[in-house]
Amino acid sequence: RLYAWSEPEPWRVGQVHLSLAVTKPNTDPNSNQIEIPITDVDITVTYTAMKDNAIDPSVEPTVVTAVRQEFLSDFYYEADPILTREGDWQITVNVNGPEGTGSTQFDMQTLPERSLNWTLIAGAGGLLVVIIVLIALWSRSQQPAQPVHRPHRGVRRVQRKGSKAAVRKEA
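Going along each chain's sequence as written, the residues are numbered from 1 onward. Only residues with pLDDT of at least 70 are given local features in this predicted model, and only at 80 or more are side-chain atom pairs given and counted; all residues enter the totals for whole chains, interfaces and linings. Side-chain figures throughout are based on the complete set of non-hydrogen atoms in the structure, without hydrogens or water.

## Remarks on the overall build of the protein chain
Piece 1. When its secondary structure is counted, the protein chain shows 1 helix and 15 strands.
Piece 2. In what follows, a contact means two residues having at least one pair of non-hydrogen atoms within 4.5 Å. Put simply, 48% of the contacts in the protein chain that link residues at least 6 apart link residues at least 24 apart.
Piece 3. Looking at the protein chain as shown, the accessible area adds up to about 13,200 Å², and 54% of this sits on carbon and sulfur atoms. Helix numbering and strand numbering both begin at the N terminus, where a helix is a DSSP run of H or I of at least 4 residues and a strand a DSSP run of E of at least 2. Here the open area of atoms and residues is found with the Shrake-Rupley method and a 1.4 Å probe, where only the protein chains shown may cover a residue.

Written out as structure tokens, the structure is:
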């Protein structure tokens, strides 16, 4: 059996990623594994551009040898081509190993390359500035007005030398 996972979803012009795993049925009745991964195979992936449900002769097929990924699990293979155009692609996976060979095909559609919408980003930035200014104005209007202090004449208590009682004196 051949399992294939791809990303990004959906595919876009540029680098795409295809993970593959090859397994066979487990014949050991004492094991709880249904399938056993196979790690000694060669996998070739061919990406063929399609146009109107036929091979597009103007685009050369891209052939990638899948590489075994030993750092995750030693039974995953990966093929990472760079697709140069949008549209339909036919993917052919060929597997060759000591126990036999096999191949399968599936179709994928590739969308245009992702781009930034600068108009939307500038509009959002302008809106953010307006909101900050409005919050600042609202915050300023919520502060109580400071009373105006006029110089006033106060009364102070002064104690004379030798006297026990304080005397009021206007300033």
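## A few points about the pairing of strand 12 (residues 87-97)
Piece 1. The element strand 12 is extensively covered by neighbouring structure, given that 8 of its 11 residues are classed as buried.
Piece 2. When strand 6 (residues 42-51) meets strand 12, the two strands line up antiparallel, connected through 9 bridges. Following the sheet pairing, Met50 is matched in strand 12 by Asp88.
Piece 3. Note: two strands are recorded as paired if DSSP finds a minimum of 2 bridges between them. Judged from the 11 bridges that link them, strand 12 and strand 13 (residues 100-111) form a sheet pairing that is antiparallel. Paired with Asn96 across the bridge in strand 13 is Thr101. Relative accessible area decides the class of each residue, using a 1.4 Å probe on protein chains only: under 20% of the type maximum gives buried, over 50% gives exposed, and in between gives partly exposed.

## Some remarks on the nonpolar core
Piece 1. As used in this record, nonpolar core signifies buried Ala, Val, Leu, Ile, Met, Phe, Trp, Tyr and Cys residues forming a set joined through side-chain atoms within 4.5 Å. Ranked by size, the top nonpolar core spans 22 residues in total, and within it Leu20, Ile43, Val45, Tyr47 and Ile91 carry the most contacts.
Piece 2. Contributions of two or more residues to this core are made by strand 4 (17-25), strand 6, strand 10 (76-79) and strand 12.
Piece 3. Setting aside its immediate chain neighbours within four residues, Tyr47 contacts Trp11, Leu18, Pro61, Thr62, Val64, Ala79, Pro81, Leu83, Trp89, Gln90 and Ile91.

## Structural notes on the packing of aromatic side chains
Piece 1. Here a Phe, Tyr or Trp ring, Trp counted by its six-membered ring, pairs with any other such ring whose centre lies within 6.5 Å, and the pair is stacked when the planes are under 30 degrees apart, edge-to-face when over 60, and tilted otherwise. This model, assessed by the stated rule, comprises 4 aromatic pairs.
Piece 2. Ring pairs connect the aromatic residues Tyr3, Trp5, Phe75 and Tyr76, which therefore count as one cluster.
Piece 3. Over the aromatic face of Trp89 sits the side chain of Arg85, whose NZ or CZ is 5.8 Å from the ring centroid. Working rule: Lys NZ or Arg CZ, within 6 Å of ring centre, within 35 degrees of ring normal, means a charge sits over the ring.

## Some details on the environment of Thr65
Piece 1. Positionally, Thr65 belongs in strand 8 (residues 62-65).
Piece 2. Sequence separation between Thr65 and Asn94 is 29 residues; the distance between their C-alpha atoms is 9.6 Å.
Piece 3. Non-local contacts of Thr65, meaning those with residues more than four positions away in its chain, are made with Ile43 and Glu78.

## Notes on the pattern of salt bridges
Piece 1. By definition, a salt bridge exists where a carboxyl oxygen of Asp or Glu is found within 4 Å of a side-chain nitrogen of Lys or Arg. Tallying each qualifying case throughout the model produces 3 salt bridges.
Piece 2. Residue Glu35 pairs with Arg1 through a salt bridge whose shortest N-O separation is 2.8 Å. Taken together, the positions of Glu35 in strand 5 (residues 35-37) and Arg1 in the segment before strand 1 (2-7) put the pair 34 residues apart, joining distant regions of the chain.
Piece 3. A salt bridge links Glu99 to Lys24, with the nearest nitrogen and oxygen atoms 3.0 Å apart. With Glu99 in the loop between strand 12 and strand 13 and Lys24 in strand 4, this pair connects stretches of sequence that are 75 residues apart.

## Things to note about a nonpolar patch on the surface
Piece 1. Without a salt bridge and with relative accessible area above 30%, a residue can belong to a patch; like charges are then joined within 9 Å and nonpolar side chains (Val, Leu, Ile, Met, Phe, Trp, Tyr) within 5 Å. The grouping of Val129, Val130, Val133, Leu134 and Leu137 at the surface amounts to a nonpolar patch, some 460 Å² of accessible area in total.
Piece 2. Given the relative accessible area of 52%, Val129 is considered exposed.

## Structural notes on the side chain of Glu35
Piece 1. A residue is classified by how much of its surface remains accessible, and Glu35, at 18% relative accessible area, is buried.
Piece 2. Polar contact is defined as a pair of N or O atoms within 3.5 Å, subject to the rule that within protein one atom must be able to donate a hydrogen and the other to accept it, and that residues adjacent in sequence are counted only when both atoms are side-chain atoms. A distance of 2.8 Å separates a polar atom in the side chain of Glu35 from a polar atom in the side chain of Arg1.
Piece 3. Here Thr23 takes part through its side chain, which lies 2.3 Å from a polar atom of the side chain of Glu35.
Piece 4. The residues contacting Glu35, other than those within four sequence positions of it, are Arg1, Tyr3, Thr23, Lys24, Pro25 and Asn26.

## Quick word on helix 1 (residues 118-142)
Piece 1. Relative to the 36 Å expected for 25 residues at 1.5 Å per residue, helix 1 spans 36 Å between its end C-alpha atoms, a close match to the ideal helical length.
Piece 2. Counting buried positions along helix 1 gives 0 out of 25 residues, so the element sits mostly on the surface. Expected span, for any helix, means 1.5 Å times one less than how many residues it has.

Worth remembering: the numbers are spatial, not functional.
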